[in-house]
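Residues per chain are reported as follows:
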Amino acid sequence: MMSDIIADGLTRIRNAAARKLDTTTLLYSKLMANVLEVFKTKGYIESYKVEDKDKKQSIVVVLKYDENGNSVINEIKKLSKPGRRDYKGFKEAKSFKNGYGTIVVSTSKGVIANDEAYKNKVGGEVICSIW
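This text gives an overview of the structure that appears in the document. (Residues numbered from 1 in each chain as written. Predicted model: local features only at pLDDT ≥ 70, side-chain atom pairs only at ≥ 80, totals over all residues. Heavy atoms only, no water.)

### Here we look at the overall build of the chain
- Counting secondary structure elements, the chain contains three helices and eight strands.
- Reading the chain from its N terminus to its C terminus gives the helix and strand order α-β-α-β-β-β-β-β-β-α-β.
- Relative to the globule expectation of 14 Å for 131 residues, the C-alpha radius of gyration of the chain, 15 Å, shows essentially globular dimensions.
- The principal-axis extent of the C-alpha atoms belonging to the chain is close to 40 × 40 × 25 Å.
- Sorting the 131 residues of the chain into buried and exposed places 40% on the buried side.
- Restricting to contacts in the chain with at least 6 residues of sequence separation, those with at least 24 account for 58%.
- For the chain, the exposed area adds up to about 7900 Å²; of that, 47% sits on carbon and sulfur atoms. (Helix = DSSP H or I, 4+ residues; strand = E, 2+ residues; numbered from the N terminus. Rg over C-alpha atoms; globule rule 2.2 N^0.38 Å. Buried < 20%, exposed > 50% of the residue type's maximum accessible area, 1.4 Å probe, protein only. Contact = heavy atoms within 4.5 Å. Areas by Shrake-Rupley, 256 points an atom, 1.4 Å probe, with all protein chains shown as cover.)

### Thoughts on the sheet that holds strand E2 (residues 45-53)
- Strand order in the open sheet formed by three strands is E1-E3-E2, with antiparallel pairing between adjacent strands. Unpaired on one side and paired on the other, strand E1 (23-27) and E2 mark the two borders of the sheet. Here the strands of the sheet are splayed against their neighbours by 25 degrees on average, with no regard to which way each runs.
- Here E1 runs beside strand E3 (residues 56-63); their pairing, made up of five bridges, is antiparallel. In the strand pairing of E3, Thr25 is matched with Val60.
- Where helix H1 (residues 5-18) meets the sheet, it contacts E1 and E3, and its direction lies at approximately 170 degrees from that of E1.
- Those strands touched by helix H2 (residues 30-42) are E1, E2 and E3, and its axis lies near 155 degrees from that of E2. (Pairing = 2+ DSSP bridges. Axes fitted to C-alpha atoms, helices over the stretch in contact; angles between N-to-C directions.)

This is the structure in structure tokens:
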């Protein structure tokens, strides 16, 4: 049994981008689908799709590359871990990498990006960062 599906999913995305693969398959969780929705709206991935196979759900992620064939994702990191949860207020998560990166925050309003959390004035658990 896996203890951290989010960390596993982020590692699969990181490894697939390093190998310049078109797609990668992740284990399904509702939180992972919400994180991928933030990645999609911010332009880090092309798309994702939830698939059912033999009563098991998985997520197929289509990665995004620039015109030179390089991955749009430079770095992807899990910040809050099962042994050490990381919570921030909306002011602390205002900007990341001078606006070039995104922090994904789980708030009472759902899983949203850091700039949206600042706009809505809500803080929460910092899940991951991407740039």
